[in-house]
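Fold and geometry: a report
One letter stands for each residue in the lines below.
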Amino acid sequence: MTEPLVSVSDLRIGATTDSGRRVEIIKGVSFDIAPGEMVALIGESGSGKTTIALSLMGHTRTGCEIDGGTIRLGTSEITAMTERQRAELRGTKVSYVPQSAAAAFNPSKRIMDQVIEITTIHDLMPRAKAEARAVELFRALALPNPDTIGSRYPHQVSGGQLQRLSAAMALIGSPDLVIFDEPTTALDVTTQIEVLRAFKAAMAESGASGVYVSHDLAVVAQIADRIIVLKGGEVQEEGDVEQIMHAPSHPYTRELLSAFEPKLHASPASKEARPRPIIEVRDLCAGYGHMRNGEPLAKVLKNVSFRLERGRNLGVIGESGSGKSTLARAIAGILPPYRGDVLIDGQEMLPDLAKRSKEELRKSQIVFQLADTALNPTHSIGAILARPLTFYHGLKGRERERRVIELLDMVQLPAAIRHRLPGELSGGQKQRVNFARALAAEPELILCDEITSALDTVVAAAIIDLLKELQRELDLSYMFISHDLSTVEAICDEVLVMYKGEVVEALAARDMTAKAQHPYSRLLISSIPQLDTDWLSSLEQDPELVKQFALR
Amino acid sequence: MTARTSLLARVPTPARLGYRFNLVGRIGLAVILFWAVIAIVGPIVAPYPPGEIVGWDYFTPMSAEYWFGLDYLGRDVFSRILMGARYTVGISLAAVFITVTAGVLLGMVAAVIGGWFDMVLSRLLDALNGIPSLLFGLVSVAALGSSIPILILTLAAIYIPGAYRYARALAVNVNTMDYVTVARARGETTFYLISREIFPNILGPVLADLGVRFIFIVLVLSGLSFLGLGVQPPNADWGGLVRENIEGMSFGAPAVIFPSIAIATLTISVNMFIDNLPTKIRDRSE
Amino acid sequence: MAPSLLPWFYVVQRFALALLTLFIISLTVFFACQLLPGDVAEILLGQAATPEAVAGLRTAMGLDEPAIQQYVNWLTGFLQGDLGTSYANRIEISELIGGRLVNSLKLAGVTTMISVPVALTLGILAAMYRGSALDRVISIFTISIISVPEFMLATFAVLVFAVWLGWLPALSLSSAEAQSWGELLKAYAMPVISLSIGVSAQMIRMTRAAVIETINTPYVEMALLKGASRSRMVLRHALPNAIGPIANAVALSLSYLVGGVIIVETIFNYPGVAKLMVDAVATRDLPLIQSCAMIFCVSYLSLITLADIVAILSNPRLRK
């Protein structure tokens, strides 16, 4: 066996919290990386994957410090080096591809200057040669106009392009190790494919080793050779991609994988004949900005129509900018639509929510994506749940408190949690409270805007199960907005595919993969990474289609 | 909504939110409290009547009898400083409370209502912000005179635009938060949104802002008094004490140095306190 | 709109905003002065004046016209350089102000030339070596300075340089008519020192904050991960993006000059506009107060507007 390129042993990293306490966030992690190998660090938020990746460059974020263990890269002992020696290594031996290239490019400098900066800092080659090499890399990364793209400023190119440019920036110094820090997480799925392909090709060509940090097993399966599963700053399991995916030994890995298993949804059979749809939307148009001739400057929603029967669930899918969140806001009246009708339970809603009656408002509730911003940090959980009880139902005192406890019980939270503040809860708990607040109104329709997107997969799966259970008990209907097709598949009966503010197709959820007709729906559905190592290499997409629809 | 049971109402105290005040912050707070107490009891604990001539000499150095010496008329400087605290601290506090109350109320209303109300008010107050503070004071005092109520209102008016702009920016941020949107979608009134959803979330930074504006106000008040346009003789705040005794400057008389030091201890300690507030509360970059 | 024109669009917009602001300020200044109790004509003519004389003067001064008309008259006069006549000594205000404005501008100019380079250097250094001993010393120094009133800086400067060290004369440095360079230096030294300390402290603090804010961005961290040295990170990556905020910091701190100048000119008996204005307040010489106030507001606004324009032009997103 060859000597590993990187070897990390018993790495310990500590952090100082706001209140001055020291906590250990990386607890004795050890692993090796062979030359030319791509190793994935997989884990959920707080697992320490990014912290470990950055430590391979000898860098820790403010407040963190390497407390023990060793990191060796080639012949250099990174942990024993001075900051100056580490700076020598950065860019030449080990380089970095950030999560958000848009933020990592300096807005006031041309792209070319930033891409070749490593060669300037370390005096690697003359400028002309560096620029020629950069253009070569641009070509290898399949960037458009490789000869001239370097003369632009970062704000003049798209996010997917910037992400590929940042890979060129990392590869220019011919490093031995490239660290990818969730480089496709912020991208839309149709963009992600192209970026992943470019990374894979460029890495194969350079022969460098890589570390790929991600929370997404399906993405990692396409690009990595080996996977290290992390949780709470400790290695849970380590193995080849195939082994991890097909024969995971650690229960946590199995849990991660099970979240990927397709769970098709079947609505509970309707008990009685349902006379009118719970929601019907006709030719709905909404937008932002100044109104001119009764139309806003920026039109987002264009003639959206659909209807949803009581007790059934509707999924709305689409990429960023498709208008799916705007649709929820327009229905709720937060963004009053300028044309079209919204009928909830057969009753026509006025556009502006201020003009709707309390009873009309009560029937449909909206739940937002980020529980962090959806719960007022200065109100206790009890107060948060109590408010809609008082507001809609006039409950007070003991009766209200009893109902708060009941609601917490419905979302499977202990009653004592009502005395806490949102900041003291975990992400999953907060999202449950967020949902319980909507339930407090005793609604008939709940608009869920990406409610599982910010959660770790395992937690998200549990929330989906909860939603299904509540639907059975409370006779609810959900309108479920998401960019994640598997979540939509798991809970919805029908699906709307949105693209640039329009509904391009309406489908039954259970056979959307098979029966999608519209070219965009097919592109979108085929772009979802599958838990299969051959998925990316065998994926064929019509280039014309990609050109037409992908927002690269 | 009013009768909140004790179980539901849990105040987010500093300790529960993980705040911690460090040593420098505590020293700052101690000095602030010290001057606050003096402003109340100053005349009682003063060794001599502040307005009376108690010695034959003038501009005397420090002594056991007259701790900070005598002033240009032979009055006890120590007693006059204790009395001056009442004017400096009292006027500034009154002004800063008016400033911040008005600024925060207007700022929150503008942020929530938006539209024309917000635009006109913001333009107008921004323009007033374009008048340098001491200049504002000069013009106002020239026009209206320098009685204490006028001084308080003038000082308050000078800083309302700043307090408004700051509170509005905070409130605009909070207003875009989903919990405010949820409350609005629930059908809550503007009053509820402002008082229950927004105000508690801007309170921390607003208190820090109150401290900063307090310092500004103390400085402008002292400046005005120093120019002879603030508190009028025979009464004197600390700035006025410096002015009275400015003749003693050329030989470093305690009568001119100690009132200056009194101002500095107050303003520096407020600054120390604010700068060492936990970042969660402070969270400002102006 | 063509991208290359976009920045100029914002510049023009900013100018328009400055004019609007100035208009509101002129209204405020004018009507604040209208609040003065008592009849101006009576005050001018004294107790012994006959009612006829008072009425005559009122008509002559246009005081019988409605306030709006008086405002329009005043503003148009002001725009044409006719600042009116001083109540106190019946001299044309433009004459009173002329030479003094030059003096004040000299004082401000010298102070700016000294404090801007010093403050920018120290502010950037403090940000670059954040948390170091240097940073802490600079922070303590600046926080102490900005916490004390302007007049205290001046008095302490006198104590140190005149009383204890005996290098410079303590008070009343009459004049810009100094003969030799040495005398000139001495005449300006005390006011300039006092002003520069205050202005610099303010500017250091704000510059430091502006630079630190840019240092904390992901692209500066990216530079670190490319192996850039600390000075490269700050000078090449952070500073170009901090130009806008720094220009703003400089402008706001220089506006501190306006307050500072009022105090310093009074203390040192310096023959500038500010001293003139303080005297005018004491005698309630309204036209003079109005004119001085407008001069100060115009200079303050110009600074702020200039800073905004620098910020607009330095924004790469608006560049072609």
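Along chain A, the regular secondary structure elements total 23 helices and 20 strands. Taken over the C-alpha trace, chain A has a radius of gyration of 26 Å; the compact-globule value for 552 residues is 24 Å, and the two agree within 12%. Referenced to the eigenvectors of the C-alpha coordinate spread, the extents of chain A come out at roughly 75 × 50 × 45 Å. Across the 552 residues of chain A, 47% fall into the buried class. Of the contacts formed within chain A by residues at least 6 apart in sequence, a portion of 68% connects residues at least 24 apart.

What follows covers the overall build of chain B. Each helix and strand counted, chain B has ten helices and zero strands in total. Taken from the N to the C terminus, the helices and strands of chain B come in the order α-α-α-α-α-α-α-α-α-α. Classification of the 286 residues of chain B by burial places 51% in the buried group. Partitioning the intrachain contacts of chain B with sequence separation of at least 6 by distance along the chain shows that 70% fall at a separation of at least 24.

We now examine the environment of Asp-113 of chain A. All names here are of chain A. Along the chain, Asp-113 turns up in helix 4 (residues 111–115). On the basis of neighbour count, Asp-113 is assigned to the partly exposed category, with 15 C-beta atoms found within 10 Å. Separated by 18 residues in sequence, Asp-113 and Ser-95 place their C-alpha atoms 17 Å apart.

Another aspect to go through is helix 5 (residues 93–128) of chain C. Over its 36 residues, helix 5 of chain C runs 49 Å from end to end, which matches the ideal 52 Å to within 8%, given 1.5 Å per residue. Along helix 5 of chain C, the helix axis deviates most sharply at Gly-99 of chain C, where the bend reaches about 30°.

It is worth spelling out the interface of chain C and chain A at this point. Across the boundary between the two partners, chain C contributes 16 residues, which contact 22 residues of chain A. At the level of secondary structure, the elements contributing two or more residues to the side of chain C that touches chain A comprise helix 9 (218–225) and helix 10 (230–267) of chain C. Here the side of chain C that touches chain A gets five residues from one element, more than from any other, and that element is helix 9 of chain C. By residue class, the composition of the side of chain C that touches chain A is eight nonpolar, four polar and four charged.

Residues and elements named next belong to chain A. Looking at chain A, the domain boundaries give domain 1 (6–257) and domain 2 (279–530). The interface is formed by twelve residues belonging to domain 1 together with eleven residues belonging to domain 2. Elements that contribute at least two residues to the side of domain 1 that touches domain 2 include exactly helix 8 (189–206), helix 9 (217–223) and helix 11 (251–258).

Further remarks concern the interface of chain B and chain C. If you look at the interface, chain B gives 38 residues, while chain C gives 41 residues. Elements that contribute at least two residues to the side of chain B that touches chain C include exactly helix 3 (115–129), helix 4 (133–144), helix 7 (190–226), helix 8 (238–244) and helix 9 (254–275) of chain B. With ten residues, the single largest contributor to the side of chain B that touches chain C is helix 4 of chain B.

Okay, the nonpolar core next. One broad trend across soluble globular proteins is that nonpolar side chains are buried collectively. Judged by nonpolar contacts, the single largest core of 333 residues is most densely connected at Ala-168 and Met-479 of chain A together with Ile-289 of chain C. When residues are assigned to domains, this core turns out to be shared by domain 1 (6–257) and domain 2 (279–530) of chain A, each giving three or more. Ignoring any residue separated from it by four or fewer positions in sequence, one finds Met-479 of chain A in contact with Leu-308, Leu-314, Val-316, Ala-328, Leu-445, Leu-447 and Cys-448 of chain A.

Residues and elements named next belong to chain C. Relative to the assigned elements, Tyr-270 resides in the loop between helix 10 and helix 11 (273–283). On the basis of neighbour counts, which here come to 25 C-beta atoms within 10 Å, the residue Tyr-270 falls in the buried class. Sequence-wise, Tyr-270 and Met-128 are 142 residues apart; in three dimensions their C-alpha atoms are separated by 39 Å. With sequence-adjacent residues up to four places away left out, Tyr-270 is seen in contact with Asn-103, Leu-107, Pro-191, Val-264, Glu-265 and Lys-275.

Residues and elements named next belong to chain A. The pairing of strand 1 (residues 6–16) with strand 4 (residues 64–73) spans eight bridges and is antiparallel. Along strand 4, the bridge assignment pairs Val-6 with Leu-73. Inspection of the sheet shows strand 1 paired to strand 2 (residues 22–33) by nine bridges, in the antiparallel sense. Following the sheet pairing, Thr-16 is matched in strand 2 by Arg-22.

It is worth spelling out the sheet that holds strand 8 (residues 209–214) of chain A at this point. Residues and elements named next belong to chain A. Pairing is mixed in the open sheet, where six strands are placed in the order 6-7-8-3-9-10. Among the strands making up the open sheet, the edge pair consists of strand 6 (94–97) and strand 10 (234–240). Neighbouring strand axes in the sheet, compared pairwise and without regard to direction, differ in orientation by 20° on average. In this fold helix 7 (residues 159–171) packs onto strand 6 and strand 7 (177–181), with an angle of close to 175° to the strand it touches most, strand 6.

A few words now on the pairing of strand 7 of chain A. All names here are of chain A. Most of strand 7 is tucked away: five of the five residues are buried. Across the two faces of strand 7 the burial is the same, with Leu-177, Ile-179 and Asp-181 and Val-178 and Phe-180 all buried. Summarising the sheet, strand 6 and strand 7 pair through four bridges and their orientation is parallel. Bridged to Val-97 within strand 7 is Phe-180. Bridge count between strand 7 and strand 8: five bridges; the pairing is parallel. Paired with Asp-181 across the strands is Val-213, a residue of strand 8. For the segment spanning strand 7, helix 8 and strand 8, crossover handedness is right-handed.

Residues and elements named next belong to chain C. Where helix 5 meets helix 10, the axes come as close as 9 Å, and the angle between the chain directions of the two elements is 145°. Between helix 5 and helix 10 the crossing geometry is right-handed. For the pair formed by helix 5 and helix 10, the contact residues are Ser-104, Leu-107, Ala-108, Thr-111, Thr-112, Val-116, Ile-124 and Met-128 on the first element and Arg-230, Val-234, Val-250, Leu-254, Leu-257 and Val-261 on the second. Of the residues assigned to the contact of helix 5 with helix 10, the class counts are ten nonpolar, three polar and one charged.

How each quantity is defined
- All chains use their own residue numbering, which begins from 1 and follows the written sequence.
- To label them, take the chains in the order written and letter them from A, then take the ligands in the order written and number them from 1.
- Since the coordinates come from a predicted model, pLDDT governs what is reported: local features require at least 70, and pairs of side-chain atoms require 80 or more to be given and counted, while whole-chain, interface and lining totals use all residues.
- Numbering goes from the N terminus for both helices and strands, where a helix is a DSSP run of H or I of at least four residues and a strand is a run of E of at least two.
- Between the two quantities, the radius of gyration covers C-alpha atoms and the globule rule is 2.2 Å times the number of residues to the power 0.38.
- Burial in this document is a count-based property: other C-beta atoms within 10 Å of a residue's C-beta are tallied, and the residue is buried at 20 or more, exposed at 12 or fewer, or partly exposed in between, with C-beta positions derived from the backbone.
- By the convention adopted here, residues make contact when the C-beta atoms placed from their backbones lie within 7 Å.
- To estimate how far a helix should extend, the number of its residues minus one is multiplied by 1.5 Å.
- The bend at a residue is defined as the angle formed between two axes, one fitted to the seven residues ending at that residue and one fitted to the seven starting there.
- Put simply, Ala, Val, Leu, Ile, Met, Phe, Trp, Tyr, Cys and Pro go in the nonpolar bin, Asp, Glu, Lys and Arg in the charged bin, and everything else, Gly too, in the polar bin.
- An automatic or database domain assignment supplies the residue ranges for each domain.
- Here a nonpolar core is just a set of buried residues of the types Ala, Val, Leu, Ile, Met, Phe, Trp, Tyr and Cys, joined wherever their C-beta atoms sit within 7 Å.
- At least two bridges found by DSSP between two strands are what make those strands a pair.
- The axes are straight lines fitted to the C-alpha atoms, using for helices just the contacting stretch, and the angles between their N-to-C directions are given from 0 to 180°.
- Orient the strands so they point away from the viewer, and a crossover whose first-strand-to-second-strand path over the helix runs clockwise is right-handed.
- Helix crossings get a hand from a simple test, with the near helix turned counterclockwise from the far one by less than a right angle marking a left-handed crossing and a clockwise turn marking a right-handed one.

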